[in-house]
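# Summary of structural features
Each chain is listed here by its residues.
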There are 2 protein chains.
Amino acid sequence: MRTADLTATARIRNAAIELFARDGFQKTNVRAIAAAAGVSAALVIHHFGSKDGLRAVCDEFVLEVLTSRARAAGTSDLLGEYLADPDGYRSQIQYMNRALAEDSPAAQSFVEHIVGEAEAVHQAGVAAGAMRESSDRRALAVLNVLVSLATLTMPPALARALGQDEFGPAVLRRLAVPTLELYTYGLYTDDTALRTATAANEELSQS
Amino acid sequence: MRTADLTATARIRNAAIELFARDGFQKTNVRAIAAAAGVSAALVIHHFGSKDGLRAVCDEFVLEVLTSRARAAGTSDLLGEYLADPDGYRSQIQYMNRALAEDSPAAQSFVEHIVGEAEAVHQAGVAAGAMRESSDRRALAVLNVLVSLATLTMPPALARALGQDEFGPAVLRRLAVPTLELYTYGLYTDDTALRTATAANEELSQS
DNA sequence: CAATAGACTAAACACATGTTCAGCGCATGG
DNA sequence: CCATGCGCTGAACATGTGTTTAGTCTATTG
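As annotated in an unreviewed UniProt entry, chain A is TetR family transcriptional regulator from Kribbella kalugense.

Put into structure tokens, the structure is as follows:
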């Protein structure tokens with residue numbers, strides 16, 4: 001699938017996704033997208049109506065690709081998924097990160113899908129005896145998604161704290177062990193923190 | 001401290017921080033900052049040289065405020081800190097989030113500071129018998145910072161999955177219990193996942 | 001009191017950028 | 001073979017925006 005074989009519309013879309021992901025929507029201008037796709041700026045508008053129209057199409061496309069890939073892979077484990085094909089996911093994850101920050105409709109749809117899936121995975125894990133039950137399944141699912149997304153979209157400054165230029169397979173592998181230690185044994189040696197939190201919450205819900 | 005009592009320079013800086021945090025650097029224009037500060041656009045340039053110069057000053061200012069507040073509070077617990085004064089931290093956390101995403105120098109400095117502190121807290125926790133030892137202290141510190149930052153800068157779409165409009169004290173309190181359950185008991189009931197990960201890493205480092 | 005400096009402004013300028021316009025080349029269908 | 005439509009383009013247009021300029025006002029200083 002050489003880029004030259006794609007239709008101009010598809011090349012524009014792909015170039016836009018790449019650039020939006022790398023530089024953000026505002027910073028990328030139509031002429032840069034056109035140049036990357038090997039067409040004129042006017043053609044971009046001709047096919048998509050406006051820069052915003054192009055964004056909407058890209059949003060939907062990335063959402064579709066991400067969810068369908070996740071469904072196909074079946075694991076519904078974001079991090080493992082990424083490790084299987086780091087380069088293929090890279091720009092799409094970046095893109096989704098930006099969409100999340102800007103709160104686009106596609107981001108909402110993506111989150112709903114993936115939180116639901118995380119909740120199902122946990123429920124299955126509990127049923128199989130592999131995971132502990134939670135006092136708030138929904139919140140746990142959100143927490144798990146949050147951790148996974150945060151890891152995949154880790155800012156370069158944080159990756160540098162691990163001696164890498166930016167997030168990548170090396171960073172993920174290094175983080176995997178402490179993460180799994182946390183998910184296996186926890187970090188605190190007793191439950192004082194947990195008990196104070198639950199107590200505070202109960203007090204709050206009574207008043 | 002009414003805004004009218006501040007010097008024009010300070011009012012401009014404060015307005016810029018607010019707007020950069022809310023709308024991002026690119027989307028915010030100099031005239032909007034000037035209007036919010038009650039001055040002319042030309043004065044913004046007069047005092048800060050350029051929009052980029054203003055950004056640099058804001059970066060440094062927010063960095064300084066955040067680290068000094070963290071130092072003063074002493075807990076070095078980002079999440080508890082936030083709960084003590086949600087509104088006061090709100091825009092500064094948003095600002096730092098944007099700075100991290102755009103990889104500004106101030107963000108690097110902030111991360112170094114806070115990761116170091118997280119590592120120290122863990123070490124103290126281990127010494128006091130309150131926390132488990134880790135096989136990779138540095139990576140654990142990064143993970144903890146990542147989780148805290150991700151929570152504080154949670155995208156609205158994810159907050160909506162918990163029935164709230166956006167991140168706030170209510171969301172944080174709801175997440176606190178599952179988070180502390182995770183940090184106290186872990187989630188997995190056995191160590192198969194952990195053992196496969198460590199085995200894979202060792203194999204990798206041998207080859 | 002005159003003069004100098006600095007805070008501050010309105011208006012103009014320069015340029016980047018989204019979009020429109022008029023037209024070209026080429027394929028398809030009558 | 002003409003005509004219609006479509007993919008496509010270069011140039012022009014309109015506007016938003018960072019910055020400059022020239023000048024006003026006010027306070028301080030000699």
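Now that the structure has been shown, the text picks up again.
## Observations regarding the overall build of chain A
When you go through chain A residue by residue, the secondary structure sums to 11 helices and 0 strands. The linear arrangement of helices and strands in chain A, starting from the amino end, is α-α-α-α-α-α-α-α-α-α-α. Overall, the C-alpha framework of chain A stretches about 65 × 40 × 30 Å when taken along its three principal axes. Out of the 207 residues in chain A, the part that is buried amounts to 45%.

## A closer look at the relation of the copies chain B and chain A
It takes a turn of 180° to lay chain B on chain A, together with a shift of 0.0 Å along the axis; the resulting RMSD is 0.1 Å. In short, the pair behaves as if placed about a two-fold rotation axis. Considering only C-alpha atoms, the part of chain B nearest the rotation axis is B:Gly186, at 2.0 Å. In this assembly, 100% of the residues forming the interface of chain B have copies in chain A that are likewise at the interface, indicating an isologous arrangement.

## Some points on the UniProt feature "domain: HTH tetR-type" (unreviewed entry) in chain A
The residues that UniProt annotates with the feature "domain: HTH tetR-type" (unreviewed entry) are residues 6-66 of chain A. Between the C-alpha atoms that bound residues 6-66 of chain A there is a distance of 20 Å. The span itself is 79% helix and 0% strand.

## Details of the nonpolar core
Of all hydrophobic cores here, the largest spans 118 residues; its most connected members are A:Leu54, A:Val115, B:Leu54 and B:Val115. Taken domain by domain, the makeup of this core includes at least three residues from each of domain 1 (3-153) and domain 2 (158-207) of chain B. Those residues in contact with A:Val115 that sit more than four places away from it in its chain are A:Arg138, A:Ala141, A:Val142, A:Val145, B:Leu158 and B:Ala161.

## Topic: the packing of helix 1 (residues 8-23) of chain B against helix 2 (residues 30-37) of chain B
Residue and element names in this part refer to chain B. Running from N to C, helix 1 and helix 2 point in directions that differ by 125°, and their axes come no closer than 8 Å. Taken together, helix 1 and helix 2 sit at an angle that is classed as oblique. Remark: the crossing between helix 1 and helix 2 carries right-handed chirality. On the side of helix 1, the interface is formed by Arg11, Ile12, Ala15, Ala16, Leu19 and Phe20, while helix 2 contributes Ala32, Ile33, Ala36 and Ala37.

## What to know about the pattern of salt bridges
Tallied over the full model, the rule gives 20 salt bridges over all chains. One salt bridge connects A:Arg138 with A:Glu119, and the closest N-O pair in it is separated by 3.0 Å. Taken together, the positions of A:Arg138 in helix 8 (residues 137-152) and A:Glu119 in helix 7 (residues 105-127) put the pair 19 residues apart, joining distant regions of the chain. For B:Asp23, the salt bridge is made with B:Arg22, and the minimal N-O distance between the two is 3.1 Å. Taking relative accessible area as the criterion, B:Arg22 reaches 60% and is therefore assigned exposed. Residues participating in the shared-partner salt-bridge network are A:Asp52, A:Arg55 and A:Glu102.

## Quick word on the packing of aromatic side chains
Using the criterion set out here, one finds 6 aromatic pairs over all chains in the structure. Ring centres 5.1 Å apart and planes at 55° place the aromatic pair A:Phe20 and A:Phe25 in the tilted group. Take A:Phe20 and A:Phe25: they sit in the same class, and that class is buried. Arranged with centres 5.9 Å apart and planes meeting at 40°, the rings of A:Tyr188 and B:Tyr183 form a pair that is tilted. Linking A:Tyr188 in the loop between helix 10 (169-185) and helix 11 (192-206) with B:Tyr183 in helix 10 (residues 169-185), this pair reaches from one chain into another. Taking NZ or CZ as reference, A:Arg69 lies 4.0 Å from the ring centre of A:Tyr89, over its face.

## Here we look at the protein's contact with DNA strand D
Close to DNA strand D lie 16 residues, the nearest being A:Ser40, B:Asn29, B:Val30, B:Arg31 and B:Lys51. A share of 61% is what sugar and phosphate atoms reach among the atoms of DNA strand D within 4 Å of the protein. In this structure, a phosphate oxygen belonging to DNA strand D sits 3.1 Å away from a side-chain N or O atom of A:His47. Here B:Arg31 contributes a side-chain N or O atom positioned 2.9 Å from a base oxygen of DNA strand D. Where the surface near DNA strand D is concerned, the elements lending two or more residues are helix 3 (41-48) of chain A together with helix 2 and helix 3 (41-48) of chain B. The element contributing the most residues to the surface near DNA strand D is helix 3 of chain A, with 4 residues. When grouped by side-chain class, the residues that make up the surface near DNA strand D number 7 nonpolar, 6 polar and 3 charged.

## Some details on the UniProt feature "DNA-binding region" (unreviewed entry) in chain A
When the UniProt feature table is mapped onto this chain, "DNA-binding region" (unreviewed entry) is found at residues 29-48 of chain A. Helix and strand shares over residues 29-48 of chain A are 80% and 0% respectively, and the end C-alpha atoms of the span are 14 Å apart.

## Focus: the protein's contact with DNA strand C
In the vicinity of DNA strand C lie 16 residues, with A:Val30, A:Arg31, A:Lys51, B:Ser40 and B:His47 positioned nearest. When the atoms of DNA strand C within 4 Å of the protein are sorted by group, sugar and phosphate make up 64%. The contact in question runs from a phosphate oxygen of DNA strand C to an N or O atom on the side chain of A:Asn29, over 3.1 Å. A distance of 3.0 Å separates a phosphate oxygen of DNA strand C from a polar atom in the side chain of B:His47. No other element matches helix 3 of chain B, which puts 4 residues into the surface near DNA strand C. For the surface near DNA strand C, the class distribution of residues is 7 nonpolar, 6 polar and 3 charged.

## With respect to the environment of B:Met131
With respect to the helices and strands, B:Met131 occurs in the loop between helix 7 (105-127) and helix 8 (137-152). Taking the C-alpha atoms as reference points, B:Met131 and B:Val115, 16 residues apart in sequence, are found 17 Å from one another. If sequence neighbours within four positions are ignored, B:Met131 has contacts with A:Leu187, A:Tyr188, A:Thr189, B:Val121, B:His122, B:Gly125 and B:Val126.

About the thresholds
Residues numbered from 1 in each chain as written. Chains lettered and ligands numbered in written order. Predicted model: local features only at pLDDT ≥ 70, side-chain atom pairs only at ≥ 80, totals over all residues. Heavy atoms only, no water. Helix = DSSP H or I, 4+ residues; strand = E, 2+ residues; numbered from the N terminus. Buried < 20%, exposed > 50% of the residue type's maximum accessible area, 1.4 Å probe, protein only. Least-squares fit on C-alpha atoms with pLDDT ≥ 70 in both. Contact = heavy atoms within 4.5 Å. UniProt positions renumbered as here; feature names shortened; annotations may be inferred. Core = buried A, V, L, I, M, F, W, Y, C linked by side-chain atoms within 4.5 Å. Domains from an automatic or database assignment. Axes fitted to C-alpha atoms, helices over the stretch in contact; angles between N-to-C directions. Parallel < 35°, antiparallel > 145°, perpendicular 65-115°, else oblique. Left-handed = near helix turned anticlockwise from the far one by under 90°. Salt bridge = Lys/Arg side-chain N within 4 Å of Asp/Glu carboxyl O. Phe/Tyr/Trp six-rings, centres within 6.5 Å; stacked < 30°, edge-to-face > 60°. Lys NZ or Arg CZ within 6 Å of the ring centre and 35° of its normal. Near = heavy atom within 4 Å. Polar contact = N/O pair within 3.5 Å; in protein donor to acceptor, adjacent residues only side chain to side chain. Nonpolar A, V, L, I, M, F, W, Y, C, P; charged D, E, K, R; others polar.

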